[in-house]
Amino acid sequence: MSSETRNTATAATTATTPRHTATRRQVLAGSGAAAAIAFTGAFSELFAGTAAARGHGGYGPLVPDPDGLLDLPKGFRYRVLSREGDPLRSGEGKVPSNHDGMAALAGRHGRVHLVRNHENRHTAKIGVPTVAGLTYDPAAKGGCTSLELDGRNKVLGERVAIAGTAVNCAGGPTPWRTWLTCEETEDKAGTNGYTKDHGFIFEVDGADPRRTGAVPLTAMGRFQHEAIAVDPKNGIVYETEDAFDRPFGLFYRFLPAKPLGGTGSLRAGGALEAMRVPGLPDLSVVQETGASFDRVEWVPVPDPLAAETPIRLQDFGRKGITHAQKLEGCYWGGSSVYFVSSFARSAEGSAADHYGQVWRYEPKKRRLTLVVVFGPDTDIQLPGESPDNICLAADGGLMVCEDGGGAQHVLGVTRRGEVYTMARGRQNIGTPEEPEWGEFAGVAFSPDGSTMYVNCYTPGTTFAVTGPWR
């Protein structure tokens, strides 16, 4: 960890006036070349060194799937890797319910370890089987399973990677090829039959789960975790909180005592801090793409274990702290960390309304910028309701799992800001009179970029999608 990072962790900082650039709509009224720079500058660094998107967005119209599972553009095909209720190949039990966040980690000899969350509450239909040495709380039904794939996406193995956790929503990969799975709950022992406190992050080694076991990384905080991203240069971990009620969640960073120490190093502890944007208590009020805020502050969390009071309600001093509704996906790209606010609704307590935001934080400049705004009054319009899980696409743009009513889609966003439909789910989990489709989650690409993996949340299904990716 650099001395600069250590100084910003402890020294007080001063607020500066927010810098506002022109919106994309305003720039479009002028030079077309300037528009591309104004909007896509945030995307261009995500896949540095890769080819830019071609002159058009998307891969064409979707072709209805005769098997009624997944509609894709012409030239693309899918393989079902795993389905809820099928036997695990390890013989440990059945494939659990509620497939959610996921990562594709490189293994030996071209193999891929697909580590998959199961967002199981105590009422889940099929819990993650308890396995000796891999179970945190036998009363909890969440956890992760791991699939081992060869270079052609043939499933070589499928096993429990961690069990006895609760509401494993999202997470994120580490530079040392493990998965940090996040519990999206604050339930304590004695709640819902649990025997231990929950609301932690756990490290999972998809290739050898017994290397990591089932140890909560308590110094990283106990709250309703959503996702994480790791700075590959210094090991700082950024964390989002998807709190369901006011004052909503925070954006955190964890300064590890052993930066980039490898598997198990996060157990050594560290310092947890929350983001404060001076003069901005709620991110939802920012509506203009390009709005930027310098000199972001990081405030030490008084009680990371939230023994008495949830972190978002703790006393951060007279200046307060910055909140946001529905903080979701989080990922590292280029020299910045990106995170998503899925939506904000004033009727539910947010300061303003929006249909989805993507924010970029530049650690070296301590600058926060709103890079994407979704919604009917912007140039980025989703056919559904709001963005949820997001990953980097092979063309340098984004892949987005929408989270809303009606048919569910995986959507692409090119560097130019064009939105296209990549996949549509066909599994109706409602009735013919009142159809309801299982949402997508866990979108991720293989290390070589040749395959997009994605889950249908329910009925739990994991797909591998191949084709003419750009």
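Residues numbered from 1 in each chain as written. Predicted model: local features only at pLDDT ≥ 70, side-chain atom pairs only at ≥ 80, totals over all residues. Heavy atoms only, no water.

Where an unreviewed UniProt entry is consulted, the protein appears under the name Alkaline phosphatase PhoX, with the organism given as Streptomyces microflavus.

This part is about the packing of aromatic side chains. Applying the stated criterion to the full structure yields 16 aromatic pairs. Consider the rings of Phe223 and Tyr252, whose centres lie 4.2 Å apart with planes at 20°: the pair is stacked. Placement of Phe223 in the loop between strand 10 (201–204) and strand 11 (225–230) and of Tyr252 in strand 13 (residues 251–256) is noted, with a sequence separation of 29 residues between them. Of the two residues, Phe223 and Tyr252, both sit in the buried class. Cluster of aromatic residues (ring-pair linked, three or more members): Tyr238, Phe251, Trp298, Trp332, Phe339 and Tyr361. Directly above the ring of Phe343 sits Arg345, whose terminal nitrogen or CZ lies 3.8 Å from the centroid. (Phe/Tyr/Trp six-rings, centres within 6.5 Å; stacked < 30°, edge-to-face > 60°. Helix = DSSP H or I, 4+ residues; strand = E, 2+ residues; numbered from the N terminus. Buried < 20%, exposed > 50% of the residue type's maximum accessible area, 1.4 Å probe, protein only. Lys NZ or Arg CZ within 6 Å of the ring centre and 35° of its normal.)

Time to look at the sheet that holds strand 3 (residues 77–83). Within the open sheet, the four strands sit side by side as 3-27-26-25. Their pairing is antiparallel. With one partner strand each, in any of the chains shown, strand 3 and strand 25 (440–445) form the two edges of the open sheet. Adjacent strand axes in the sheet meet at a mean angle of 20° when their direction is disregarded. (Pairing = 2+ DSSP bridges. Axes fitted to C-alpha atoms, helices over the stretch in contact; angles between N-to-C directions.)

If you trace the backbone, Ala214 turns up in the loop between strand 10 and strand 11. On the basis of relative accessibility, which here comes to 17%, the residue Ala214 falls in the buried class. Discounting chain neighbours no more than four positions away, the residues touching Ala214 are Gly133, Leu134, Thr135, Tyr136, Ile162 and Phe202. (Contact = heavy atoms within 4.5 Å.)

Next up on the list: the nonpolar core. Ranked by internal contacts, the top residues of the largest apolar core, which has 27 residues, are Tyr238, Phe251, Met275, Phe339 and Leu368. Secondary structure elements with two or more residues in this core: strand 11, strand 13, strand 17 (327–333), strand 18 (336–341), strand 19 (357–362) and strand 20 (367–373). Judged by nonpolar contacts, the second largest core, of 23 residues, contains Cys391, Cys401, Phe445 and Val454. (Core = buried A, V, L, I, M, F, W, Y, C linked by side-chain atoms within 4.5 Å.)

Of all six residues in strand 11, six are buried; the element is thus mostly enclosed. Two strands pair when backbone bridges link them, and strand 11 and strand 12 (residues 237–241) are joined in this way by four bridges, in the antiparallel orientation. Note on strand 12: the bridge partner recorded for Val230 is Val237. The hairpin formed by strand 11 and strand 12 contains six residues between the paired strands, and Gly235 there has a positive phi angle of roughly 80°.

Attention shifts here to the sheet that holds strand 20. Spatial strand order, 15-20-19-18-17: five strands in an open sheet with antiparallel pairing. What marks the edges here is a single partner per strand, and that holds for strand 15 (292–293) and strand 17. Of the pairings in the sheet, the one linking strand 19 to strand 20 comprises six bridges and is antiparallel in character. Each residue of the ladder has a partner; that of Trp359, found in strand 20, is Leu370.

Another aspect to go through is the pairing of strand 17. Of all seven residues making up strand 17, seven are buried, and the element is well covered by its neighbours. The turn linking strand 17 back onto strand 18 is made up of two residues, and Gly334 within it adopts a positive phi angle of 65°.

This brings us to the pattern of salt bridges. Scanning the entire structure with this criterion turns up 15 salt bridges. Between Asp242 and Lys326 there is a salt bridge whose closest N-O contact spans 3.0 Å. Of the two residues, Asp242 sits in the loop between strand 12 and strand 13 while Lys326 sits in the loop between strand 16 (297–300) and strand 17, which places them 84 residues apart along the sequence. Residue Asp242 shares its accessibility class with Lys326, and that shared class is buried. Between Glu348 and Arg345 there is a salt bridge, and its shortest N-O distance comes to 3.2 Å. Note on Glu348: relative accessible area 39%, which makes it partly exposed. Residue Arg345 is classed as partly exposed on the basis of its relative accessible area, which comes to 27%. Look at the salt bridges and you will find they share partners, linking Glu186, Glu241, Asp245 and Arg312 into a network. (Salt bridge = Lys/Arg side-chain N within 4 Å of Asp/Glu carboxyl O.)

Note that the residue after Arg246, namely Pro247, is joined by a cis bond; omega there is 5°. By secondary structure assignment, the location of Pro247 is in the loop between strand 12 and strand 13. Phi is positive for Val167, which is not a glycine, with a value near 55°. When you line up the elements, Val167 lands in the loop between strand 7 (155–165) and strand 8 (168–173). Taking the relative accessible area as the measure of exposure, Val167 reaches 4% and is therefore buried. Phi at Asn192 takes a positive value of approximately 55°, unusual for a residue other than glycine. Note that Asn192 resides in the loop between strand 9 (179–183) and strand 10.

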